[in-house]
Protein chains: 2
Amino acid sequence: MRAVDIIARKRDGAELTTEEINFFITAYTDGTIPDYQAAAWLMAAYIHGLNHRETVDLTMAMANSGERLDLSDILPVSVDKHSSGGVGDKTSLIVLPLVAACGVPVAKMSGRGLGYSGGTIDKLESIRGYKVELSPAEFREQARQYGIVLSGQSANLAPADGKLYALRDVTATVDCLPLIASSIMSKKIAAGADVVVLDVKVGLGAFMRHIEEASQLARLMVEIGTSVGQQVVALLSDMNQPLGYAVGNALEVTEAIECLHGGGPIDLREHCLVVAAHMLRLARKNQSDYAMSECLSEAAHQLDSGAAFEKFRVLVKAQGGDVSQIDDPTTLPQARIIETINARHSGYVEQLNALQVGAAAIDLGAGRERKGESIDHAVGLSVHKKVGDSITAGEPLFTLYANDEAKLARTIRRLDYTLVYSAVETAPLPAFYDTITAT
Amino acid sequence: MRAVDIIARKRDGAELTTEEINFFITAYTDGTIPDYQAAAWLMAAYIHGLNHRETVDLTMAMANSGERLDLSDILPVSVDKHSSGGVGDKTSLIVLPLVAACGVPVAKMSGRGLGYSGGTIDKLESIRGYKVELSPAEFREQARQYGIVLSGQSANLAPADGKLYALRDVTATVDCLPLIASSIMSKKIAAGADVVVLDVKVGLGAFMRHIEEASQLARLMVEIGTSVGQQVVALLSDMNQPLGYAVGNALEVTEAIECLHGGGPIDLREHCLVVAAHMLRLARKNQSDYAMSECLSEAAHQLDSGAAFEKFRVLVKAQGGDVSQIDDPTTLPQARIIETINARHSGYVEQLNALQVGAAAIDLGAGRERKGESIDHAVGLSVHKKVGDSITAGEPLFTLYANDEAKLARTIRRLDYTLVYSAVETAPLPAFYDTITAT
């Protein structure tokens with residue numbers, strides 16, 4: 001088998017065989033196939049597409065390209081969730097302890113943020129001492145002992161995906177549904193997930209701008225997971241505006257803690273309850289049939305009772321974090337400058353552009369433009385109004401948390417265009433647009 | 001300007017601007033754009049194509065990527081020819097001295113052979129001492145002093161084309177008309193040609209198998225050349241069977257010398273006369289109108305008078321070659337083993353597969369599969385029958401010239417399938433299928 005022949009077949013729109021896809025991915029992973037051949041193949045796949053069978057094969061080839069996590073001796077069911085990335089998305093910080101508090105153990109690997117999309121691991125590093133890099137043995141032992149672990153992703157998990165993802169970024173082959181879907185699912189499969197709840201964001205601050213394409217991506221991922229024996233549900237959730245109020249690492253941890261105490265923004269709470277309930281329902285599917293409504297009320301109870309927060313304490317402590325900081329979030333990293341922007345007009349919020357809010361957080365130093373850049377955990381912003389809210393002139397719209405005057409000034413200018421007023425009443429945005437299950 | 005944006009535009013089928021193409025080629029030549037980005041771009045260009053304007057821009061960008069030869073102070077008109085490559089194609093060895101003998105000076109750079117397609121430079125190296133690498137100063141001085149020079153190609157002529165060509169070879173983006181046409185024409189433009197006669201081979205032993213695609217390629221190259229002010233004619237010539245009888249380096253030089261003495265195979269003589277006549281006619285177009293018939297008879301006269309051979313002697317001597325070898329071609333490298341394959345049946349030749357004959361020559365060591373491999377100048381084969389000829393059982397079909405018994409045995413087996421007999425009379429193949437001029 002020769003790489004150039006496989007490239008030529010995809011170039012001509014042919015369906016590749018399982019053997020061809022396995023050969024290509026294995027040889028690319030071990031460096032036998034160089035980047036330039038993979039780049040030509042990616043472009044051909046981008047333009048001609050991959051059918052369902054090819055996409056599943058690509059997913060499995062990438063999942064098998066490195067180590068595969070197997071926690072079946074520790075967890076009865078391995079439950080995972082994935083967010084396609086959004087602004088203010090601190091869902092994992094809440095949902096993981098919440099699900100664990102409901103008696104379903106969770107052992108998850110998460111990523112770092114890039115661009116306007118934040119990363120769970122960055123947020124957790126706001127907590128002094130929290131160790132994100134665990135050895136495989138540490139990861140397993142913590143899962144066994146505490147029923148909850150939340151670490152950074154092992155470098156050897158689906159390494160083919162890592163290489164291809166980096167290459168796609170510089171060869172204009174990122175926004176291609178089969179490539180996106182196989183990239184996400186290969187990591188979930190390599191991480192050993194039996195159950196996956198996919199949180200596919202759609203809107204101004206999401207990778208997917210339109211419900212139609214988000215829906216296609218969600219359906220494709222559900223199909224892939226189902227094909228390989230996973231239980232998968234995909235939710236299409238709104239990312240036209242930030243999730244909750246807080247954007248920025250320590251600020252989001254603080255908001256997550258509020259939520260874990262039964263408080264916090266109502267949209268965030270609703271979002272987390274739905275994600276958690278789906279995880280619970282699927283995790284228990286093999287035991288007996290739980291209705292969504294039961295799972296929802298169980299999860300709500302665990303938030304309100306403090307059990308979810310208690311599980312978060314267990315997590316932070318187990319991974320070496322300073323628990324006193326989550327007991328008193330005012331001791332988390334604090335910005336030096338706090339400035340509030342007030343409304344100049346009265347009216348209603350028609351749009352609160354999540355992309356602009358995300359960019360503002362990057363401006364302040366809360367995110368990174370390129371991999372490997374350092375971030376400032378203290379900075380970020382809070383929004384005080386969401387779409388559908390009424391505004392009275394003089395009310396606060398944003399609170400900015402900054403450590404640098406120049407960055408603050410730039411951010412203030414950017415925020416001028418972030419909130420669109422309406423003179424007439426506007427409707428709030430829904431939390432979810434659709435739920436996609438295996439057919 | 002960013003490479004990834006240019007890739008994305010071509011990926012989406014957009015027409016690239018001149019600035020984008022110049023940026024991409026310049027940055028790829030200097031290494032700022034890596035191979036993997038160029039590979040993705042090539043695949044997008046392969047699939048979506050390049051329009052006429054883009055193709056001309058790509059050609060000029062590649063032509064301008066290195067030094068550009070300017071012989072306008074030495075030659076009244078710079079006349080070039082190009083063959084798309086075939087088996088037994090020793091045309092340049094004959095046509096260049098022939099045109100020079102007609103009073104039109106020629107200064108040409110040629111390539112080495114690859115695969116079944118031989119290279120003029122390899123053939124010339126059959127002659128002891130012939131120096132194929134000339135400095136720019138030597139090249140110019142010889143053109144000025146003798147009106148004839150035939151050297152290897154300068155490494156810094158259209159270096160972007162050299163890089164892209166190597167990359168196309170391993171990314172399944174070779175057989176794409178705009179990329180092929182711009183590759184060929186960029187070198188002709190960089191070499192300073194005012195007049196170009198393109199010899200586009202079509203048939204079993206050619207890169208182009210079908211007249212339709214060869215015709216498209218020819219038309220595209222004529223259009224490119226015309227767009228940048230060249231006088232260009234393209235000939236579609238047969239490559240279903242070898243040109244002439246001899247295939248292999250010293251064997252082809254010997255046959256070329258026969259032709260330069262007014263003899264040699266009739267198809268080779270006709271081919272060379274037509275190519276030379278077009279070169280003469282276009283070279284003189286600005287002075288007065290010469291008819292093709294006049295150019296043809298003038299060229300035939302120079303072959304028959306010995307003037308063309310005399311010019312070949314001047315060329316060989318000027319470039320340090322041993323003239324005694326061309327005066328007595330039996331002193332050129334000779335193979336140790338000579339074996340003749342005779343006809344087993346009587347009948348007519350229906351097919352003499354040029355690709356198989358070319359492969360046989362490679363088997364014997366006359367050609368190379370990969371760049372940089374060494375070749376044996378002595379070996380090769382002669383065909384004794386061409387399509388349309390009648391055969392009597394026992395007559396010689398092929399004479400093989402070998403230096404290795406194992407290679408000889410393999411070649412004999414291959415030749416079993418090379419000649420197809422017919423019981424009924426067959427028509428000879430035409431020398432040319434079409435002549436394409438600027439419209």
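Remember, predicted model here, so these are calculated numbers, not experimental data.

1. A word on the sheet that holds strand β10 (residues 390–391) of chain B
All names here are of chain B.
- Spatially, three strands are ordered β10-β8-β12 in an open sheet, and the strand pairing comes out antiparallel. At either margin of the open sheet sits one strand with a lone partner, and together these are β10 and β12 (419–422).
- Across two bridges, the pairing between strand β8 (residues 347–352) and β10 is antiparallel. Within β10, the position partnered with Tyr348 by the bridge is Ser390.

2. Some details on the domain arrangement of chain A
Residue and element names in this part refer to chain A.
- Split into domains, chain A comes out as domain 1 (3–49), domain 2 (79–328) and domain 3 (333–422).
- Once you take the C-alpha centre of each, domain 1 and domain 2 turn out to be 31 Å apart.
- Of the residues lining the interface, 11 residues belong to domain 1; the matching set on domain 2 comes to 12 residues.
- Each partner contributes to the roughly 1,100 Å² buried at the junction of domain 1 and domain 2, and carbon and sulfur atoms together form 79% of this total.
- Among the residues of domain 1 in contact with domain 2, Tyr28, Leu42 and Tyr46 are the three that bury the most area, contributing 55% of the side total.
- Across the domain 1-domain 2 interface, the total number found is zero salt bridges.
- Summed over the shared surface of domain 1 and domain 2, the result is two residue pairs in polar contact (both at pLDDT 80 or more).
- When residues of the side of domain 1 that touches domain 2 are traced back to their parent elements, those giving at least two are α2 (18–29) and α3 (35–48).
- Among the elements that line the side of domain 1 that touches domain 2, the one with the most residues is α3, at seven residues.
- For the side of domain 1 that touches domain 2, the class distribution of residues is eight nonpolar, two polar and one charged.

3. So, the interface of chain A and chain B
- Each partner contributes to the interface: chain A provides 22 residues, whereas chain B provides 22 residues.
- Interface area, chain A with chain B, both sides summed: about 1,600 Å², of which 74% is carbon and sulfur.
- Put simply, chain A and chain B have two salt bridges between them.
- Counting across the interface, chain A meets chain B through six residue pairs in polar contact (both at pLDDT 80 or more).
- Residue assignment for the side of chain A that touches chain B shows that the elements contributing at least two residues are α1 (3–11), α3 and α8 (159–170) of chain A.

4. A look at the nonpolar core
- Ranked by size, the top nonpolar core spans 87 residues in total, and within it Ile127(B), Phe312(B), Leu381(B) and Phe398(B) carry the most contacts.
- Among the elements that line this core, the one with the most residues is helix α12 (residues 266–283) of chain B, at 11 residues.
- Two domains each put at least three residues into this core: domain 2 (79–328) and domain 3 (333–422) of chain B.
- When near neighbours in sequence (up to four residues on either side) are disregarded, Leu381(B) contacts Tyr245(B), Ala246(B), Val247(B), Leu251(B), Val357(B), Ala360(B), Ala361(B), Phe398(B), Thr399(B), Leu400(B), Tyr401(B) and Leu415(B).
- One finds Val79(A), Cys102(A), Leu268(A) and Val275(A) within the second-largest nonpolar core, a separate group that totals 86 residues.

5. Some thoughts on the side chain of Arg368(B)
Residue and element names in this part refer to chain B.
- Turning to its location among the elements, Arg368 is positioned in the loop between α16 (354–364) and β9 (380–383).
- Looking at Arg368, its side chain comes within polar contact range of the side chain of Asp122, at 3.0 Å.
- For Arg368, the side chain forms a polar contact with the main-chain oxygen of Glu373, separated by 2.8 Å.
- Excluding residues within four positions of it along the chain, Arg368 makes contact with Arg112, Gly113, Leu114, Gly115, Asp122, Glu373 and Ile375.

6. Regarding the sheet that holds strand β4 (residues 195–202) of chain A
Residue and element names in this part refer to chain A.
- One open sheet holds the four strands; their spatial order is β1-β4-β5-β13, and the pairing between them is mixed. For this open sheet the edge positions go to β1 (79–83) and β13 (432–437), each flanked by a neighbour on one side alone. With direction set aside, neighbouring strand axes in the sheet form an average angle of 15°.
- Strands β1, β4 and β5 (231–238) of the sheet are contacted by helix α9 (residues 177–190), whose axis makes an angle of about 155° with β1.
- Along the sheet, helix α10 (residues 211–227) makes contact with β4, β5 and β13, crossing β5 at roughly 165°.

7. Describing the packing of aromatic side chains
- Going through the model one piece at a time under the given rule, you end up with two aromatic pairs over all chains.
- Here the guanidinium or amino end of Lys163(A) rests over the ring plane of Tyr28(A), the centre of that ring lying 4.3 Å away.

What counts, and where the lines are drawn
Residues numbered from 1 in each chain as written. Chains lettered and ligands numbered in written order. Predicted model: local features only at pLDDT ≥ 70, side-chain atom pairs only at ≥ 80, totals over all residues. Heavy atoms only, no water. Pairing = 2+ DSSP bridges. Helix = DSSP H or I, 4+ residues; strand = E, 2+ residues; numbered from the N terminus. Domains from an automatic or database assignment. Contact = heavy atoms within 4.5 Å. Buried area = accessible area lost by both parts, 1.4 Å probe. Salt bridge = Lys/Arg side-chain N within 4 Å of Asp/Glu carboxyl O. Polar contact = N/O pair within 3.5 Å; in protein donor to acceptor, adjacent residues only side chain to side chain. Nonpolar A, V, L, I, M, F, W, Y, C, P; charged D, E, K, R; others polar. Core = buried A, V, L, I, M, F, W, Y, C linked by side-chain atoms within 4.5 Å. Buried < 20%, exposed > 50% of the residue type's maximum accessible area, 1.4 Å probe, protein only. Axes fitted to C-alpha atoms, helices over the stretch in contact; angles between N-to-C directions. Phe/Tyr/Trp six-rings, centres within 6.5 Å; stacked < 30°, edge-to-face > 60°. Lys NZ or Arg CZ within 6 Å of the ring centre and 35° of its normal.

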